[in-house]
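# Notes for the structure review
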Protein chains: 2
Amino acid sequence: MSCPLCTGDGGLVVARTPQYRVVRVVEGDEARRFPAFYRLIWAAHVAEFSDLSAPERHACMDAVTAIEQVLRARLAPTKVNLATLGNVVPHLHWHVIARFDWDSHFPAPVWAAPQRDEVAGGAAARLAQPLAAVDAAIAQALSR
Amino acid sequence: MSCPLCTGDGGLVVARTPQYRVVRVVEGDEARRFPAFYRLIWAAHVAEFSDLSAPERHACMDAVTAIEQVLRARLAPTKVNLATLGNVVPHLHWHVIARFDWDSHFPAPVWAAPQRDEVAGGAAARLAQPLAAVDAAIAQALSR
């Protein structure tokens, strides 16, 4: 069975290294509801986090942390959510999601039922900065 | 406001170090639906993963990985799910959940809508080993 994260980018690519790429989710309900929704996608097709070696795991989480730090610095979210599930697409990827107390699902997980109406016209307009600036800051943080 | 993870254990404690404790979720819908559901709860009251220093982050994820490895070795889950959300209780804790293709929500996240009926009498009976054996293996793995 072909893996969609091996054959496609899985989002808008904002950074790429030999070990992983970082994409922003730009399609569908998730992008409209949670505009600062990034994914770190490991390059190699492995299913579980513990399939990585210790140095790979540390590099992976250092990068996830760098994304989180950019989201905090640029957008001051109420909370950052990190998760690797992979039940549907078992190719290691980390969700890094800026959550806001005004978003449609807060404080529920993004995968749960909505708690309130979505922001009219899309939630991106309520962010403190344009997403392009956040993308650029993530790319810069990961190039260090 | 008092923090429930500062004032209580947050589950059945299976391991404890100066930096964190590991608990198994033993109450409520989650424990019945997802019996191999563990949480690593950081001892210090910090909200975000990136509030930790780099050595703390590595120690935290090494422990999360050790839990995952025990779950894989003992229970052969279809997938392991890792997440730190903290929208409701902003005290750093990692969910480490063994998922099975027969569980009530698979392949959806545990926070989403169920996909099928729950296992009659509780899902723990379908696990390859008693949970007490898994608890003991986690305690041993984290004492190394």
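These notes cover the structure that comes with them. Treat the numbers as computed from the prediction; the structure is a model and nothing was measured. (Residues numbered from 1 in each chain as written. Chains lettered and ligands numbered in written order. Predicted model: local features only at pLDDT ≥ 70, side-chain atom pairs only at ≥ 80, totals over all residues. Heavy atoms only, no water.)

## Here we look at the packing of helix H3 (residues 54-75) of chain A against helix H3 (residues 54-75) of chain B
- Taken N-terminus to C-terminus, the directions of H3(A) and H3(B) make an angle of 120°; their axes are 10 Å apart at the nearest point. By the angle between their axes, H3(A) is oblique relative to H3(B). Helix-helix and strand crossings are classified by hand; for H3(A) and H3(B) the assignment is right-handed. Residues A:Arg57, A:His58, A:Met61, A:Asp62 and A:Thr65 of H3(A) touch H3(B), and the partners they reach there are B:Arg57, B:His58, B:Met61, B:Asp62 and B:Thr65.
- Among the residues making up the contact of H3(A) with H3(B), the classes are represented as 2 nonpolar, 4 polar and 4 charged. (Axes fitted to C-alpha atoms, helices over the stretch in contact; angles between N-to-C directions. Helix = DSSP H or I, 4+ residues; strand = E, 2+ residues; numbered from the N terminus. Parallel < 35°, antiparallel > 145°, perpendicular 65-115°, else oblique. Left-handed = near helix turned anticlockwise from the far one by under 90°. Contact = heavy atoms within 4.5 Å. Nonpolar A, V, L, I, M, F, W, Y, C, P; charged D, E, K, R; others polar.)

## A few points about the side chain of B:Arg57
- As for its position among the elements, B:Arg57 is in helix H3.
- Judged by its relative accessible area of 10%, B:Arg57 falls in the buried class. (Buried < 20%, exposed > 50% of the residue type's maximum accessible area, 1.4 Å probe, protein only.)

## A few points about the packing of aromatic side chains
- Applying the stated rule across the entire model yields 8 aromatic pairs over all chains.
- Aromatic side chains A:Trp111 and B:Trp111 sit 5.7 Å apart centroid to centroid with 25° between the ring planes, which places their arrangement in the stacked category. Residue A:Trp111 is located in the loop between strand E5 (93-99) and helix H4 (131-142), and its partner B:Trp111 is located in the loop between strand E5 (93-99) and helix H4 (131-142); the two belong to separate chains.
- On the accessibility criterion, A:Trp111 (17% relative accessible area) is buried.
- Members of the aromatic cluster, connected to one another through ring pairs, are A:Phe49, A:Trp94, B:Phe49 and B:Trp94. (Phe/Tyr/Trp six-rings, centres within 6.5 Å; stacked < 30°, edge-to-face > 60°.)

## So, the pairing of strand E1 (residues 12-16) of chain B
All names here are of chain B.
- Sheet topology places E1 next to strand E2 (residues 20-24); 4 bridges connect them, and they run antiparallel. Looking at the pairing, Ala 15 lines up with Val 22 of E2.
- Between the end of E1 and the start of E2, which pair antiparallel, lie 3 residues. (Pairing = 2+ DSSP bridges.)

## Considerations on the pattern of salt bridges
- Applying the stated criterion across every chain yields a total of 22 salt bridges over all chains.
- Here A:Arg24 and A:Asp135 are joined by a salt bridge, their closest N and O atoms 2.8 Å apart. Residue A:Arg24 is located in strand E2 (residues 20-24), and its partner A:Asp135 is located in helix H4; the two are separated by 111 residues in the primary sequence.
- The exposure class of A:Arg24 is buried, given its relative accessible area of 11%.
- The exposure class assigned to A:Asp135 is buried, which follows from its relative accessible area of 10%.
- Ionic pairing is found between B:Asp9 and B:Arg16, a salt bridge with its closest N-O pair at 3.4 Å.
- Judged by relative accessible area, which is 36%, B:Asp9 ranks as partly exposed. (Salt bridge = Lys/Arg side-chain N within 4 Å of Asp/Glu carboxyl O.)

## A word on the interface of chain A and chain B
- Opposite the 32 residues of chain A that make contact, chain B presents 32 residues.
- Both sides together, the interface formed by chain A and chain B hides about 2,900 Å², and carbon and sulfur atoms give 52% of it.
- Together, A:Glu48, A:Lys79 and A:Asn87 form the three largest contributors to the area buried by chain A at its contact with chain B, with a combined 22%.
- In this assembly, chain A and chain B are joined by 6 salt bridges.
- A salt bridge links B:Glu48 to A:Lys79, with the shortest nitrogen-to-oxygen separation between them at 2.7 Å.
- Where chain A packs against chain B, one counts 29 residue pairs in polar contact (both at pLDDT 80 or more).
- Looking at the side of chain A that touches chain B, the element that brings in the most residues is H3(A), giving 8 residues.
- Tallied by class, residues from the side of chain A that touches chain B come to 15 nonpolar, 9 polar and 8 charged.
- Pairing analysis gives 3 bridges linking strand E4 (residues 79-84) of chain A to strand E4 (residues 79-84) of chain B, with the strands arranged antiparallel. Following the sheet pairing, A:Thr84 is matched in E4(B) by B:Leu82. (Buried area = accessible area lost by both parts, 1.4 Å probe. Polar contact = N/O pair within 3.5 Å; in protein donor to acceptor, adjacent residues only side chain to side chain.)

## What to know about unusual backbone geometry
Residue and element names in this part refer to chain A.
- Omega for the peptide link from Phe 106 to Pro 107 comes to 5°, which places this bond in the cis form.
- Of note, Pro 107 is situated in the loop between E5 and H4.
- Its identity as a non-glycine residue notwithstanding, Ala 76 has a phi of 45°, on the positive side.
- Here Ala 76 is to be found in the loop between H3 and E4.
- Note on Ala 76: relative accessible area 59%, which makes it exposed.

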